[in-house]
Amino acid sequence: MGERSWVDVPVGVRAHQWMTVPAAKRVLVIAHNLTTVTRLMDVLSVFDSDFRVQVVVSWSGTDPFTLGLDDFMRRLGVVTIPWEQALRTEFDLAIAASHHGGGLTEINAPVAIMSHGIGYTKYSPGNRKSEIGNRKSVNGQRQTFGLSPQWLLYDGQPIAEALVFSHPEQVARLERDVPEAAHTAVIAGDPCYDRMLASLGLRRHYRRLLGADDRKVVTVSSTWSDGSLLGSWPELLRSLLAELPIDEYQVVAFAHPNAWAAHGPWQIRTWLADCLRAGLVLVPPAEGWRAALIAADVVVGDHGATTTYAAAIGRPVLLAAFPDDDVVAESAVGLLGRLAGRLDRRRPLRAQLDRAVSVPEVRDLVTAVPGESTRLLRALFYRLMGLSEPPTEPVTARISDSGLTARPAPTAVSAHVTLDIPNGQATMVRYPAEIQPAAGTHLMVHIGHPQRTLRANADILGTDHEDPTDLLAAHPGCAMVATPDGTLTTRDGRHIDVGNPDYAPVIQAWLDSGEPLPTTITVNGTPVHPSSSASGNSPSSR
């Protein structure tokens, strides 16, 4: 947390002089990084409406992925204290969602440790440090991250009073690999999964916020590391956007918070800048990813927990990256790797997406007690604090819609238009022109697009503020200018109102045909009613 002054309240030496509500119990939440703190936020609802409990947060600062943690806590409005103060303060309970980073053995409180993913699913990387030093193999066997003696024991004794698991399969591995800690195991379900289950009824709401309408939502999920989807196939998002028609698909993506912390938000957005201009919805790291999974029609992912959560709630899944050797075979993620289809970069992507199927078998390994996590966790935490549970029912909060935004309008579109003039019909298929420049018959580019060549080659320009006649005069190759209200200005001075600028390529194609505009054109099954008026101020006559 850097060099910070110790706080005086609510846990300082003289805190009683300043507190308004003298809480009976103090809980320390240990937030090593943004990933762990978002998992911990899932469980803190167990203290809902209880004036007897005061929660504070701290972290050691030794984790390499702490970027953004201070800002996140500030937005939440949670009291944070320096790590040194946390080590020298007595608490009634400490809750952590990670074993690494050090310091857990120095906490003066009963410690409960939860998984920060979907159980314990990956083998330990060689560059992490446990409570007692560098990771080593046990009996020549690879160790599971968070589920081996080096992570769970100190001087031969368990570090935690309680190790929280979601499924007996995980406990069986604990009993096999670290029998000394087996008595600390508690099966208390998966609060993240339970919140997703409680939020499935919000699917339409999430899709409305994304502006999905009738489009198929393709959610792309990446964990971190060079073996992840983003690390091993960074061009995938660009390839999806190039192959999937704008009006039929919507691509939503999110990356693990560690990727954002390691490279920085500016860098992530800069790497994906052309994709964002092409209409990609990029979900921020803290919240929004679960809603994006619920909203999805198909999920493309990897060996990260989020892809397995998608499978567990019934979404069709394709794996674009999956380093099998890094994944524990007995885990839910290992089962997903064996059953889910693999996305083949050598074959057309759209057909593979349309054929993706769900993997319902994964659900049974995610949790043994679906819907029960807050009840079980509250019982555990209050027992460890030596405090009676509140008389009210535990609450399970539904997933916030924070982080979901409507798809930005692509700023350069290549439209392929086919006319059926006798029947007053047209079909139009649109692709992002910056990524798929050769897909259409008409190029429509917003004047604010940063690529000069695209603007210069456009036969239709879009604008929010500039005068259309001035733009036509300045761009002699442009035939039409479209404004956000759906008014189209042609080079011969006509103003055509179609209500939506997206229909501009169809109108331009009809004008190019030499046929008069009908009062109704059915575009992809939707009636469009162009109405035109003449203007005496034609840019071609200037």
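Just so you know, these numbers come straight off a predicted model, no measurement behind them. (Residues numbered from 1 in each chain as written. Predicted model: local features only at pLDDT ≥ 70, side-chain atom pairs only at ≥ 80, totals over all residues. Heavy atoms only, no water.)

Some words on the overall build of the protein
Where we set the bar: Runs of H or I in DSSP of at least four residues are treated as helices and runs of E of at least two as strands, each being numbered from the N terminus. With a 1.4 Å probe rolled over the protein chains alone, any residue whose accessible area is under 20% of its type maximum counts as buried; one over 50% counts as exposed, and the rest are partly exposed. Method for areas: the Shrake-Rupley scheme with a 1.4 Å probe, in which residue coverage is limited to the protein chains shown. Counting rule for charge: Lys and Arg are taken as positive, Asp and Glu as negative, and neither His nor the chain ends is counted. The atom standing in for a charge is NZ when the residue is Lys, CZ when it is Arg, CG when it is Asp and CD when it is Glu.
A tally of regular secondary structure across the protein gives 21 helices and 26 strands. Its C-alpha atoms put the protein at 85 × 55 × 40 Å along the principal axes. Split into buried and exposed, the 542 residues of the protein put 55% on the buried side. Total accessible area on the protein stands at roughly 22,900 Å², and carbon and sulfur atoms take up 50% of it. The average position of the 48 basic charges and that of the 57 acidic charges among the side chains of the protein differ by 2 Å.

A few points about the pattern of salt bridges
The cut-off we apply is this: The salt bridge criterion pairs a side-chain nitrogen of Lys or Arg with a carboxyl oxygen of Asp or Glu, the two atoms within 4 Å.
This structure, assessed with the given rule, holds 26 salt bridges. A single salt-bridge network, built from bridges that share partners, covers R39, D42, D190, R195, E287 and R290.

Re the environment of G493
Along the chain, the position of G493 falls in the loop between β22 (487-490) and β23 (494-497). In this structure G493 comes out as buried when scored by relative accessible area, which is 3%. Remark: the alpha-carbon pair of G493 and A96, spanning 397 residues in sequence, is separated by 67 Å.

Comments concerning unusual backbone geometry
Cis peptide bonds are those with omega within 30 degrees of zero, and the linkage from V9 to P10 qualifies with 15°. Considering the arrangement of structural elements, one finds P10 in the segment before β1 (25-30). Positive phi is not limited to glycine here, since D155 has a value of about 55°. Looking at the element boundaries, D155 is found in the loop between β7 (153-154) and β8 (157-158). Despite not being glycine, N524 has its phi angle at roughly 50°, a positive value. In this fold, N524 is placed in the loop between β24 (521-523) and β25 (526-528).

Some points on the packing of aromatic side chains
Filter applied, for reference: Two rings from Phe, Tyr or Trp (for Trp, the six-membered ring) form a pair when their centres are within 6.5 Å of each other. A pair whose planes differ by under 30 degrees is stacked, one over 60 is edge-to-face, and the rest are tilted.
Counted according to the given criterion, the structure contains seven aromatic pairs. Each ring, one from F47 and one from Y382, has its centre 6.0 Å from the other, and the planes form 45°; the classification is tilted. Taken together, the positions of F47 in the loop between α1 (34-43) and β2 (53-58) and Y382 in helix α18 (residues 373-385) put the pair 335 residues apart, joining distant regions of the chain. Relative to W151, the ring of F145 has its centre 4.9 Å away and its plane inclined at 75°; by these criteria the two rings are edge-to-face. By relative accessible area, which is 13% here, F145 ends up buried. The class for W151 is buried, based on a relative accessible area of 1%.

Section: the packing of α1 against helix α6 (residues 191-199)
Spelled out, the test is: Here, axes are lines fitted to C-alpha atoms. For helices the fit covers the stretch in contact, and angles between N-to-C directions go from 0 to 180 degrees. What makes a crossing left-handed is the near helix being turned counterclockwise from the far one by less than a right angle; a clockwise turn instead makes it right-handed. The contact criterion used is simple: two residues touch if any of their non-hydrogen atoms lie within 4.5 Å.
Here α1 crosses α6 at 65°, and the two axes come no closer than 9 Å. Read as a crossing pair, α1 and α6 show a hand that is left-handed. Listed contacts from α6 to R39, D42 and V43 of α1 are P191, C192 and R195.

As for the sheet that holds strand β4 (residues 111-113)
Selection criterion: Any two strands between which DSSP finds at least two bridges are classified as paired.
Spatially, β2-β1-β3-β4-β9-β10 is the arrangement adopted by the six strands of the open sheet, whose pairing is parallel. Looking at strand neighbours, the two that pair on one side only are β2 and β10 (185-187), the edges of this open sheet. Strand after strand, the sheet turns through a mean of 25° between neighbouring axes, direction not considered.

Some words on the confidence of the model for the protein
Atomic detail in the predicted coordinates should be set aside for any region of low pLDDT. Note the cut-off: Summary of the metric used: pLDDT quantifies the predictor's per-residue confidence within the range 0 to 100.
Put simply, the protein has an average pLDDT of 92, and 94% of its residues get 70 or more. Confidence over residues 127-139 falls short of pLDDT 50; this stretch has 36 contacts with residues more than four positions distant or in other chains.

Quick notes on α18
What counts here: Every helix has an expected span of 1.5 Å times one less than the residues it contains.
Under the 1.5 Å per step criterion, the end-to-end length of α18 is 18 Å for 13 residues, consistent within 8% with the ideal 18 Å. Burial in α18 covers these residues: S373, T374, L377, R378, L380, F381, Y382, L384 and M385. G386 occupies a position one or two residues after α18 and carries a positive phi of about 70°.

Side note on the pairing of β1
Heads up, the condition is: Look down the strands so they point away from you; if going from the first strand over the helix to the second traces a clockwise path, that crossover is right-handed.
Burial runs high along β1: five of the six residues are buried. As paired strands, β1 and β2 are joined by six bridges and run parallel to one another. Following the sheet pairing, I30 is matched in β2 by S58. In this fold, β1 hands off to α1, which returns the chain to β2; that crossover is right-handed. Here four bridges tie β1 to strand β3 (residues 93-96), and the two strands are oriented parallel to one another. For V27, the partnering residue across the bridge sits in β3 and is L93.

Quick notes on the packing of helix α14 (residues 305-312) against helix α15 (residues 332-339)
The description of two helices packed together rests on the angle between their axes and the distance between the axes. The line we're drawing: For classification, angles of less than 35 degrees are called roughly parallel, those exceeding 145 degrees roughly antiparallel, those between 65 and 115 degrees roughly perpendicular, and all remaining angles oblique.
Contact geometry for α14 and α15: axes closest at 10 Å, N-to-C directions at 70°. Here α15 runs roughly perpendicular to α14, going by the angle between their axes. In this structure, α14 uses T307, T308 and A311 to contact α15, whose residues at the interface are A332, V333 and L336.

Some points on the sheet that holds β25
Taken in spatial order, the ten strands make up an open sheet running β25-β24-β18-β17-β19-β20-β21-β22-β23-β26, and their pairing is mixed. A single partner strand is all that each edge strand has here, and the edge strands are β25 and β26 (531-534). Going across the sheet, the axis of each strand differs from the next one's by a mean of 25°, ignoring polarity. Strand direction decides the pairing type here: strand β17 (residues 412-420) and strand β19 (residues 442-446), joined by four bridges, are antiparallel. Pairing of V413 across the sheet is with M444, part of β19.

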